[in-house]
Structures are given as structure tokens and as C-alpha cells.
Amino acid sequence: MTAPFGGLPRIDKRPGATGVDAHAAATWRECCARSAGLEGEADAAARQIIADVRARGDAAVVELTARFEGRTLTADGLEVSRERWDQGRRAVSQEIAAALQLAADRVRAFHRTQTHQTTGLKDEHVSLHSRVAPLERVAVYAPGGTAAYPSSVLMAGIPAKVAGVEEVLLLTPRATDVVLLAAHLAGIDRIFEIGGAQAIAAAALGTEHVPRVDKIVGPGNAYVTAAKRQVYGLCDIDGIAGPSEIMVVADATADPQLVAADLISQAEHDRLACAVLVTDHPPLVEATDAALARQLDDLPRRDIAVAALHDHGAAVLVSDRAALVEAANDYAPEHLELLVERPEAMAERVRRAGAIFVGPYTPEAAGDYTAGPSHVLPTAGAARYGSPLGVWDFVKHTSVLMLGAQALREQADAIVILARAEGLEGHARAVERRLAVDEQDR
């Protein structure tokens, strides 16, 4: 018999006569200071795997896959054949296919609004602009461990194709039929049935059968995340992803059944997932605990959700509406739900969140599947500076400069002075020689 749910851990941040309790303040700081967990075993293992793939290419990928996943591959079989791809995607039920099509259409429509314009300055003597161009080849990583996520294929692959990326690869350890259909709908060009740190290394370095990419995007486990961090520089990455997380900010108007349901929607992802309730209405905490106990009772992934809620969940009590906003900005959550009175007004005051879900009819689950914006979001507090995955992640900017003779003459004195101030005589002479030639020609 499974143990009963014991309730969310409490953090009471309401100030007393001498301010906020020191223990509560320290616990909240620790909660906000969560990290992506790269240190330790995963980091060391990823380093060895990358070195092995660098040295032995496909042979290392094949051997590592057998060792870590128990799957037997050959170098020629790393890529999913077009025949298997087509057969798999056609085997998906009409109901699931229609839902994926709806999601793909909405994700594509939203990301087509993320246009990038060439910008710059131009007059008779100067032309300066930032030229925007898509990356040539990127890889999308889709996990295949405790759950398969075809939605992640859509959320990462579609923005890349909207940006104009010529070739998009999908890396996934187990290409289920529904993932094959999602890849088709996203416009993926090639699929490689490889996962883990060895897949990241293969795409970043290039092997005999896996082409080298310019960027790798998409969530993965601790080993995938550690490998992505270590290959940054060989190629670009979208960010360092930690466990999934949600913060529900709620007041006296919130329905505890909805609060509980939305906390569970993230807690069921992973035992390391973070699910945090912040409220200025103390009775809501007890009501949410009761709702959680009821809803967890028949949840298929109950053990995972209970572990996450117990180890990484919290019910945070604050004093007023301003403190609700302050807590959200302190935590910088991946997903932030606002189940409060006047949620739009509160959303305007939140500056640190990957995605904000405004009001009772905008569950985080909608963002995961059909709303439109990519669900690949900054985690572990990275919403302080990071952004959701978007078309902007798949383009690069090149500065293009052209000065006429008069423009160079107007800038020459400043260039020469600054160059010599930095001890770079060659820079100064490169300008002076041009001016000397220009004087001779005039």
C-alpha cells in the first residue's frame, strides 16, 4: 500500500514583529537558488562520453548505446529509414494525429509572427547593417526515457523551420510512431535513433553518419544537459535545462481543485520536478493539500508526483498581493500560473518567468501542447535572463560595414588616436595608408 500524501512543505514568509523568520527566509533562499544539477556524476560521465565519441565516432555511439540503453545498433542503422518513418507515422490513430495536427498548426502560426528584420544605417557615404540569416543545420533532442514527448518535437522543430533552417535533425533514443508523425508535421529532415550524452557529442562533433550541427536544442536528462553544456563552443545550445517546474500564485479567489491539478501537472513529470504554491490566503493551503490527496489517489504516475511534491514542492505564505509578485520574481519560474483577482494586471508586474499563464482558463497544460508559444523554457531560475525557445534561436546576425572615402576621413583621427592609445600601431597605420593613397589619387 502506498503511503498517503502528507501535504506540501510550508514556508511562512509573512513578517512578524521582528521581520520574516530567519529559518523561513533561509529556506526560501535555498528554494530560489536551485540549479540545473550539472555538478558531479553526470558532468564527469558526459566528459568521458564526449572524448570517446571524438576519438571513435560512430563506433563509440554504437557501443555506448548498447551499454547504457541495452539497444543493439549498427553504424548504418543510426538513422531512421524513410520507409520506417512513413510506416510509423501512418500507424498513428486518427484521434492522436488530429490533435498533433492542431498543435502543429497553432505552434507554426504563432512562430510565424516572430519575424526578424535587417536593421542598420545608410547615407551617401556609409552603409552599416545587421544581416539576419538562418542557421544551416540544427539538431532537436527529444527524450525517450520515462515518457516520450512528441510535443517537444513540434515545439523545437517548428520554430527552426519557420526561421528557415535548411536541415533539422531529430535525435531521439526511441522513435515511437507518434514521435515519427510529430517529426513529419514539424518538417524535420532526418531522424537519428540515438540518445543520451553520446547523441549530443555526435551532433556537436560530427561522425561518419551523423552530420555536425550548428546548434542543439531540446530538453533531456542530467547527462544530456551536462553534455550540452560541455559542447557549447563546438556548436551553440539553447540553454542549460533543469527539471520542470511550476509556480502557482493564488489568492482567496482561487479554486483549490485547480491549484492542486496544476501543481500535479508538473510534479508528474519527474521526481526532481518543482511545484510551488504561493498565496496570501492561508486557508487555501489546507484546501489545496486536501485536493492534492484526492487527485493523487488514482494518478497513474502517483509515486513520481508524490516524491516531487514532498522533496521539491512548497506552500509559501506571504502577506499581500505585492508579496505575491515579489515571490514570483524571486523564484523566476519556468511556468507561472496566476490564479488571482485581476491576473492581467499582476502579469504586467512579473519580470522573471519563462511563461505566464493568466487566469483560470489558461492551464500550463495548454502551453505544453496547443496554445502556440514553444514550451521549451528557461528553468532553474534562468528566467532571470533567459527566454523561451523561438525563431530568434535559429538565426544569426552578421554585421556588414561599408565606408566611403569621406566617411573614413571623418573617423580617421579618432581611430588612429584610439589605436595608439591601445598600443596597436598596425591598426593606426592601416587607416593612415588608406588616407595617404586617397590624397595621392585626389
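Use the structure listed above.
All chains use their own residue numbering, which begins from 1 and follows the written sequence. With the structure being a predicted model, the display of local features is reserved for residues of pLDDT at least 70 and the display and counting of side-chain atom pairs for 80 or more, all residues being used for whole-chain, interface and lining totals. Side-chain figures throughout are based on the complete set of non-hydrogen atoms in the structure, without hydrogens or water.

**Description of helix α6 (residues 150-163)**
Item 1. A helix here means a DSSP run of H or I that spans at least four residues, while a strand means a run of E at least two residues long, and both kinds are numbered starting from the N terminus. In this analysis, the expected span of each helix is defined as 1.5 Å times one less than the number of residues it contains. Across its 14 residues, α6 extends 20 Å between first and last C-alpha, which sits within 8% of the 20 Å expected from 1.5 Å per residue.
Item 2. Those residues of α6 that fall on the buried side of the exposure criterion are Pro 150, Ser 151, Ser 152, Val 153, Leu 154, Met 155, Ala 156, Gly 157, Ile 158, Pro 159, Ala 160 and Ala 163.
Item 3. Note on α6: the residue one or two positions beyond its end, Gly 164, has a positive phi of about 100 degrees. Per-residue accessibility, obtained with a 1.4 Å probe over protein chains only, is compared with the maximum for each type, and a residue is labelled buried under 20%, exposed over 50%, and partly exposed between these values.

**Structural notes on the layout of surface pockets**
Over the atoms, a rolled probe matching the size of one water molecule traces out where space is still vacant.
Item 1. With a 1 Å grid spanning the protein atoms alone, the term cavity applies to any set of points in which a 1.4 Å probe fits but cannot get out, the term pocket to an open set with protein on both sides within 12 Å along at least five of seven lines, and the term lining residue to any residue with an atom within 4 Å of a point. Grid points are joined across faces, edges and corners, and a volume is the space filled by probe spheres set on the points. Space inside the second largest pocket adds up to approximately 230 Å³.
Item 2. Lining the second largest pocket are 18 residues, and of these Ala 355, Phe 357, Gly 367, Pro 373 and Ser 374 lie nearest its centre.
Item 3. Elements with a minimum of two residues in the lining of the second largest pocket: α5 (94-111), β13 (355-358) and α15 (364-369).
Item 4. Tallying contributions element by element places β13 first for the lining of the second largest pocket, with three residues.
Item 5. Gly counts as polar in this scheme, as do all residues outside two lists: the nonpolar Ala, Val, Leu, Ile, Met, Phe, Trp, Tyr, Cys and Pro, and the charged Asp, Glu, Lys and Arg. Broken down by class, the residue content of the lining of the second largest pocket amounts to eleven nonpolar, seven polar and no charged.

**Examining the environment of Arg 34**
Item 1. Looking at the secondary structure, you find Arg 34 in the loop between α1 (22-32) and α2 (41-56).
Item 2. Judged by relative accessible area, Arg 34 falls into the buried class, the value being 14%.
Item 3. Spatially, the C-alpha atoms of Arg 34 and Asp 214 are 29 Å apart, while their sequence positions differ by 180 residues.
Item 4. A polar contact of 2.8 Å, which involves the side chain of Arg 34, links it to the side chain of Glu 245.
Item 5. A polar atom in the side chain of Arg 34 sits 3.2 Å from the backbone oxygen of Ala 332. Pairs of N or O atoms are called polar contacts if they sit within 3.5 Å, as long as, within protein, a hydrogen donor faces a hydrogen acceptor (for residues adjacent in sequence, only side-chain-to-side-chain pairs).

**Brief notes about the sheet that holds strand β2 (residues 119-122)**
Item 1. A pair of strands is labelled paired if DSSP reports no fewer than 2 bridges between them. If you trace the three strands from one edge of the open sheet to the other, you get β2-β3-β14, paired in antiparallel fashion. At either end of the open sheet lies a strand with only one pairing partner, and these are β2 and β14 (395-403). When the angles between neighbouring strand axes are averaged without regard to direction, this sheet yields 20 degrees.
Item 2. One ladder, built from four bridges, connects β2 with strand β3 (residues 126-134); its direction is antiparallel. Among the inter-strand pairings, Leu 121 is bridged to a residue of β3, identified as Leu 128. The angle between two axes is taken between their N-to-C directions and runs from 0 to 180 degrees, where each axis is a line fitted to C-alpha atoms and a helix contributes only its stretch in contact.

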